[in-house]
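Structure assessment
Each chain, written out:
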Amino acid sequence: MKDLKAIKIADNVYWVGAADWTVRDFHGYTTERGTTYNAFLVMADKVTLIDTVKKPFLGEMMSRISSVIEPGEIDYIISNHSEMDHSGCLPEAAALIRPQKIFASANGKTALEQHFRIGNLITPVRNGETLSLGNMNITFLETKMLHWPDSMVSYLAERNIIFSQDGFGMHLATYDLFDEQHDLKLLRWEAGKYYANILLPYSNLILKLLDELGRLNLPVDIIAPDHGPLWRKHIPDILGLYKEWAERRPQRKAVVVYDTMWESTALMAKSLAAGIQETGVSVKILPCSANNRSDIMTELLDANAIAVGSSTLNNNILPRIADVMTYVKGLRPTNMVGVAFGSFGWSGESVAQLNKMLDEMKVERISDGIKTKYVPTDDELAKCHELGRQLGEALLKKIG
Ligand code: FEO
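About the criteria used
Residues numbered from 1 in each chain as written. Predicted model: local features only at pLDDT ≥ 70, side-chain atom pairs only at ≥ 80, totals over all residues. Heavy atoms only, no water. Buried < 20%, exposed > 50% of the residue type's maximum accessible area, 1.4 Å probe, protein only. Helix = DSSP H or I, 4+ residues; strand = E, 2+ residues; numbered from the N terminus. Contact = heavy atoms within 4.5 Å. Pairing = 2+ DSSP bridges. Axes fitted to C-alpha atoms, helices over the stretch in contact; angles between N-to-C directions. Right-handed = clockwise from strand over helix to strand, strands pointing away. Salt bridge = Lys/Arg side-chain N within 4 Å of Asp/Glu carboxyl O.

**Observations concerning helix α5 (residues 184–199)**
Among the residues making up α5, those that are buried are Leu187, Glu190, Ala191, Gly192, Lys193, Tyr194, Tyr195, Ala196, Asn197, Ile198 and Leu199. Those residues of α5 that are buried lie in contact with β5 (29–30), α6 (203–216), α7 (235–247), α9 (293–300) and α10 (319–331).

Spelled out as structure tokens, the structure:
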């Protein structure tokens, strides 16, 4: 493969990454629009490659690099993040390029050793350290646990570009590399999906990073993440959205998530949602049969109330709701009110199990929930309706 060309993003700075138009599942996150693995070539006195791509895309990256310069003329490689979508081809790329040095954070050096046994090739850099590329300079800012221990971002001062690895990214395959080439609503949705499914547990660190960027007051013309389009026109929008998502101030939105065997729990879900809606809170009903866990998580990004339901099957909750709740719990949405519900035939453990999960998530439960035997009666559905109303009111009280 030799015909794929680099795309210029600024004077002497090129995108040399790859678009993955095929991927639809990214370790359990649905990527219906594919993704990109962004890598960048800085044509400074010391020619520098920033990040690499997932292993199967090595040929694409090398082709794009070769459209600008002989790969052997690259002096430095910087690895901002060791996860394999950005470092998977690093050993092979390093063998082809033979750079003078490969830079990563100290944790990055360890992670690259543990992944590929190439720690001996890595020169660690410190937080705040500036690397001279001759006529340009790159400063490293460690962003530990955003979202791996090794993560850092690189700032190219002479072009006002932050190479932000996963931060501010999204899964969207495209060769239209700038934000203004896309519908802003779509970018907000995909960036929100990325935040909800990757970064949400580290929201406190996001707030610290935003503060740090404000304190440094660096001029920024481009934020260049490792996935999806680069931010240029809408930088204030994405910074504002990150602040909003990280703060998780209560919003007037609730979700009703459930799985059902014979539609009884589904009936309960509809009555609960009707009660929530009556309070003026916006509500979405998300059956597990129709919504992937990562889309449910995206809906939770701006919701602060959850009603979660499951029938009882073999003394347990249903497998699909277990999947969703395990995933949601790991992503740690905060500042939530909630309640559990479900139908059963004879033993009826599901609601107690869901209550336990809500407690482990530190959701403020408004009651011990509601369960109904076999098919709910009209009276029982009226109780679900009332419980939904109480949940909506609890959320409104939280909003103040
Ligand atoms: Fe895109 Fe954390 O890797």
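**Comments concerning the sheet that holds strand β11 (residues 122–125)**
Read from one edge of the open sheet, seven strands run β1-β2-β7-β8-β9-β10-β11, paired in mixed fashion. Either end of the sheet is taken by a strand with one partner, and the two such strands are β1 (7–10) and β11. Neighbour-to-neighbour, the strand axes of this sheet turn through a mean angle of 30 degrees, independent of strand direction. Looking at chain direction, strand β7 (residues 40–42) and strand β8 (residues 48–50) are connected through three bridges and run antiparallel. When the bridges of β8 are listed, Leu41 appears paired with Leu49.

**Considering the pairing of β11**
Across four bridges, the pairing between strand β10 (residues 101–105) and β11 is parallel. The residue of β11 that forms the bridge with Ser105 is Val125. Handedness of the β-α-β unit built from β10, helix α4 (residues 106–116) and β11 comes out right-handed.

**Considerations on the pattern of salt bridges**
Side-chain pairs of opposite charge can arise whenever the charged atoms involved come near each other. The tally for this structure, following the rule as stated, stands at 24 salt bridges. Residue Lys55 pairs with Glu92 through a salt bridge whose shortest N-O separation is 3.3 Å. Pair noted here: Lys55 is in the loop between β8 and α1 (58–66) and Glu92 is in helix α3 (residues 90–97), with a separation of 37 residues, a long-range link. The partly exposed category is assigned to Glu92, whose relative accessible area is 28%. Through salt bridges that share partners, Lys253, Lys284, Glu299 and Asp302 make up one connected network.

Nothing here speaks to function; it is all geometry.
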